[in-house]
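Examination of the molecular architecture
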Amino acid sequence: MGAEVTKQEFTGEDRVRFRRQVSRGTDAIARMLADGLFTDQGRPPKPLLGMEVELNLIDEQMRPAMANATVLEAIADPDYQTELGQFNIEINVSPRPFTIDDTISLEQALRTSLNRAEERAARTNNHLVMIGMLPTLKSEHFAHHWISANPRYDLLNEQIFNARGEDIEIDISGVPLGDGHHTERLHTSTDSILPEAACTSLQLHLRVAPEDFAAHWNAAQAIAGVQVALAGNSPFLAETALWHESRIPVFEQATDTRPLELKNQGVRPRVWFGERWINTIFDLFEENTRYFPALLPVSTDVDPLAELDAGRIPTLDELRLHNGTVYRWNRPVYDIHEGQAHLRVENRVLPAGPTVVDTMANAAFYYGVVRGLVESDRPLWSQMSFNAAAENLQSGARFGMEAQLYWPDVGWVRPDELVLRRLLTLAEKGLRAYGVSDKARKRYLSVIEGRCVTRRTGSVWQREAVAAREKAGESRAEALTGMLSDYVTHMHEGEPVHTWEV
């Protein structure tokens, strides 16, 4: 989806041609797997930590700032890029070795980069916030004219609405803020996909050998519910208290190309957890080709199979573009580097923030647990149903630390108890296998342990802070603004969220 897309109208012939190209790209993947043409095939790559962090923009009054073009011009750094909403930008963190103390140097580099970007943004009277969902966003900010100027975003918006044929409806029932509070509901409709832009995430990339891809993807799917329960940071949207990690239902609904009738028929959603454990990455690309029509059917004249016949590695432009418009929570990535093809798992379930050290802790926990599960004697995914993993994601996102998750040999368990009893040890083992230093392992896993002991995530802190302000007499709008101001202060101080006072 990072590719420039300029064609504004598509014909039926465009769609047929694109489908054919995607299908041939899928055939090329199968052939490359069979012929051992991936650079990492047979020898797992050196572990690299790569991430993308999406950021929100606010003005001096904590309101969403529709100023990404101005802010990006002021930052003047190619690592920072535009995002869907004018109140969003993204930083792409170049992959670094995931060994010894390189993770700590990455943390320092990320903090330095964000501080420099904030300093430059402040000169324009705007500021950066690392948070899963900006609490001061209102329904009025989802108007079509707030889409970023890049033509591909408007084209994507147009194609989703063409497929859907009606406005997008957001309908989410929340979780009460505490005793004596009622369940709140957000029910609104919009003429743009901008609610998707409210969902600012941390995306983690892991390059893997083709023969190891299925195990890594299955492991990532299995722990998705634990991840969101531990890292929830998105409890408010449009002045409504929703889930602990509201990005999950908002993103699912904001990019849904299905009208009600197709939902009732069981047509698969574009934001998709999946429906089965896999045996090879080919399973995912084949599903994407089989089940999902093109959103942006832009084709080239390059035949990927002819490229293979000529001894060249194909770029698979159509397959990659199509793959970028199927929003799996753990997405397969085919990419080319220096003329060689490789595969990555892109983990997309986590919110941004609250701090740099929290971000690094979330990353370390994910990479460590996945590696630990992959190297276990008996695969976890052979001991639990795929539906259990999907239900864990929904429960973890909705209830956070109060969720009840299913785990083999444990049964139903709260996420904090599961992590303290089982997963911290597994993460430690996995990080050690990667070569991460004792210092780095202790730094990041102690943050995860602290969250579990205190049972405080970014979402818990936000919800408690707003409830306290409302109890003191503030309106919801005042409470959200005041809470966000305190949040930004804590974010810059940099201490992990489980230590924040309300």
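Description of the structure in this document. Predicted, not measured: the structure shown is a model, and the values here were computed from it.

Most often, soluble globular proteins have nonpolar side chains that are buried together. Judged by nonpolar contacts, the single largest core of 160 residues is most densely connected at Met51 and Leu237. Among the elements that make up this core, the one with the highest residue count is helix α12 (residues 356–374) (12 residues). Excluding anything up to four places from it in sequence, Met51 contacts Ile91, Asn92, Val93, Leu106, Leu110, Leu202, Gln203, Leu204, Thr359, Met360 and Ala363.

The grouping of Glu166, Asp167, Glu169, Asp191 and Glu261 at the surface amounts to a negative patch. With respect to the element layout, Asp167 can be found in the loop between α4 (151–164) and β5 (168–173).

To continue, consider helix α3 (residues 102–122). Taking 1.5 Å per residue as the helical rise, α3 with its 21 residues ought to reach 30 Å, and the 30 Å between its terminal C-alpha atoms agrees with that figure. Among the residues of α3, those classed as buried are Thr103, Ile104, Leu106, Glu107, Leu110, Ser113, Leu114, Ala117, Glu118 and Ala121.

So, on to the side chain of Asn126. Following the sequence through the fold, Asn126 ends up in the loop between α3 and β4 (127–129). Assessed through its relative accessible area of 8%, Asn126 is described here as buried. Among residues more than four places away in sequence, those in contact with Asn126 are Ile58, Asp59, Ala65, Ala67, Val71 and Ala121.

To continue, consider the packing of aromatic side chains. Pairs of aromatic rings are described using the distance from one ring centre to the other and the angle between the two planes. Counted by the stated rule, this structure contains 13 aromatic pairs. Where Trp272 meets Phe292, the ring centres are 5.5 Å apart and the plane angle is 65 degrees; that geometry is what we call edge-to-face. Taken together, the residues span a long stretch of sequence, with Trp272 in strand β10 (residues 271–272) and Phe292 in the loop between α9 (281–291) and α10 (304–309) at a distance of 20 residues. We note that Trp272, like Phe292, is buried. Ring pairing ties together the aromatic residues Trp217, Phe273, Trp277 and Phe386, which thus form one cluster. For the cation-ring pair, Arg268 lies above Tyr291, with the distance from its terminal atom to the ring centre recorded as 3.6 Å. Over the ring of Tyr434 we find Arg371, and its NZ or CZ is 4.5 Å from the ring centre.

Cut-offs applied
- Residues numbered from 1 in each chain as written.
- Predicted model: local features only at pLDDT ≥ 70, side-chain atom pairs only at ≥ 80, totals over all residues.
- Heavy atoms only, no water.
- Core = buried A, V, L, I, M, F, W, Y, C linked by side-chain atoms within 4.5 Å.
- Buried < 20%, exposed > 50% of the residue type's maximum accessible area, 1.4 Å probe, protein only.
- Helix = DSSP H or I, 4+ residues; strand = E, 2+ residues; numbered from the N terminus.
- Contact = heavy atoms within 4.5 Å.
- Patch = residues over 30% accessible without salt bridge, like charges linked within 9 Å, V, L, I, M, F, W, Y side chains within 5 Å.
- Areas by Shrake-Rupley, 256 points an atom, 1.4 Å probe, with all protein chains shown as cover.
- Salt bridge = Lys/Arg side-chain N within 4 Å of Asp/Glu carboxyl O.
- Lys, Arg positive; Asp, Glu negative; His and termini not counted.
- Charge placed at Lys NZ, Arg CZ, Asp CG, Glu CD.
- Expected span 1.5 Å × (residues − 1).
- Phe/Tyr/Trp six-rings, centres within 6.5 Å; stacked < 30°, edge-to-face > 60°.
- Lys NZ or Arg CZ within 6 Å of the ring centre and 35° of its normal.

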